[in-house]
Amino acid sequence: MGNAFQDQFLKAGLVDEKKVKQAQKEQHRAKKQGKHQPPVNTTREASARAKAEQVARDKELNRQRQEAAQQKALAAEVRQMILTSRLDREDGDSPYHFTDDSRVKQLYVTEAQRGQLGRGQLAIATLDGRYELIPKAVAEKIRQRDPARIILLVEAAAPADQPDDPYADFKVPDDLIW
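Note that the structure is predicted; figures quoted are calculated from it, not measured.

Caption draft 1: Spotlight on a negative patch on the surface. Among the surface-exposed residues, Asp-88, Glu-90, Asp-91, Asp-93 and Glu-111 lie close enough to one another that they form a single negatively charged patch. One can find Glu-111 in helix α4 (residues 111–119).

Spelled out as structure tokens, the structure:
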């Protein structure tokens, strides 16, 4: 009971019974090895591929952790800057109005602080849902690290004299309260 080709080779006299049995043993061994052991190259390739994927995942996870740590350190630094440089405004008696995300808010300040806010010497920063007055130099440092924390910082603009401006003769007073 052999293969049709084996029978034909035997009848033709090209092979003998010994060579047929040897070929059958080799085929049987090859099948056994194929079932129990995958080819060596595919397992090496698969393990190398899995290792490379694991390394890539680890690198991405480390990068994300480093970014999170940097953001946390930056937030702590900004918080510390605001806490150490905020100005006392408990004796403020006049409200100062400003906008925060299209909402008009007010902060009670002294007249001197109001003038400094108008000239851009002071700024308003947010910290834990509260508004704090801070000096301009600190506000600029904070703006470099986290621009969302600075709510109001008046920039000193050069007067733009336009020859065809109809309101050029009417200057806005510095002490205008709205």
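Caption draft 2: Looking closely at the pairing of strand β2 (residues 103–109). Here strand β1 (residues 94–100) pairs with β2 via 7 bridges, running antiparallel. When the sheet's bridge partners are listed, Asp-100 is paired in β2 with Arg-103. Between β1 and β2, which pair antiparallel and follow one another directly, the connecting turn spans 2 residues, one of which, Asp-101, has a positive phi of 55 degrees.

Caption draft 3: Expanded view of unusual backbone geometry. In this structure, Asp-101 takes a positive phi of about 55 degrees despite not being glycine. Within the secondary structure, Asp-101 sits in the loop between β1 and β2.

Caption draft 4: Spatial organisation of the environment of Ser-94. One can find Ser-94 in strand β1. Distance in space between the C-alpha atoms of Ser-94 and Glu-111 is 7.2 Å, their sequence separation being 17 residues. Polar contacts involving the side chain of Ser-94 include one to the side chain of Glu-111, which spans 3.2 Å. Here the side chain of Ser-94 touches Arg-114 through a polar contact of 3.3 Å, side chain to side chain.

Caption draft 5: Up close: the side chain of Asp-100. With respect to the element layout, Asp-100 can be found in strand β1. Summary of buried charges: Asp-100 has no salt-bridge partner, and the nearest side chain of opposite charge, Lys-105, is 5.7 Å away. Sequence-distant contacts of Asp-100, that is, excluding residues within four places in its chain, are made with Lys-105, Tyr-131 and Ile-151.

Rules behind the numbers
- Each chain carries its own residue numbering, running from 1 in the direction its sequence is written.
- The predicted nature of this model means local features are confined to residues of pLDDT at least 70 and side-chain atom pairs, given and counted, to a pLDDT of 80 or more, with totals for whole chains, interfaces and linings taken over all residues.
- Side-chain calculation: all heavy atoms of the structure are included, whereas hydrogens and water are not.
- Patch membership needs two things, relative accessible area over 30% and no salt bridge, and members are linked within 9 Å if like-charged or within 5 Å if nonpolar (Val, Leu, Ile, Met, Phe, Trp, Tyr).
- Here, Shrake-Rupley sampling with a 1.4 Å probe gives the accessible areas, and only protein chains in the shown set may cover a residue.
- The salt bridge criterion pairs a side-chain nitrogen of Lys or Arg with a carboxyl oxygen of Asp or Glu, the two atoms within 4 Å.
- Only four residue types enter the charge count: Lys and Arg as positive, Asp and Glu as negative, with His and the chain ends excluded.
- Working definition for charges: the position is that of NZ of Lys, CZ of Arg, CG of Asp or CD of Glu.
- By definition, any uninterrupted DSSP run of H or I lasting at least four residues is a helix, any uninterrupted run of E lasting at least two residues is a strand, and each is numbered from the N terminus.
- At least two bridges found by DSSP between two strands are what make those strands a pair.
- By the criterion applied in these results, polar contacts are pairs of N or O atoms within 3.5 Å in which, for protein atoms, one can donate a hydrogen and the other can accept it, and in which residues neighboring in sequence qualify only through two side-chain atoms.
- Exposed residues in this analysis have more than 50% of their type's maximum accessible area, buried residues have under 20%, and partly exposed residues fall in between, with area computed by a 1.4 Å probe over protein chains only.
- Whether two residues are in contact is decided by their heavy atoms: any pair within 4.5 Å suffices.

Read these as spatial facts, not as claims about activity.
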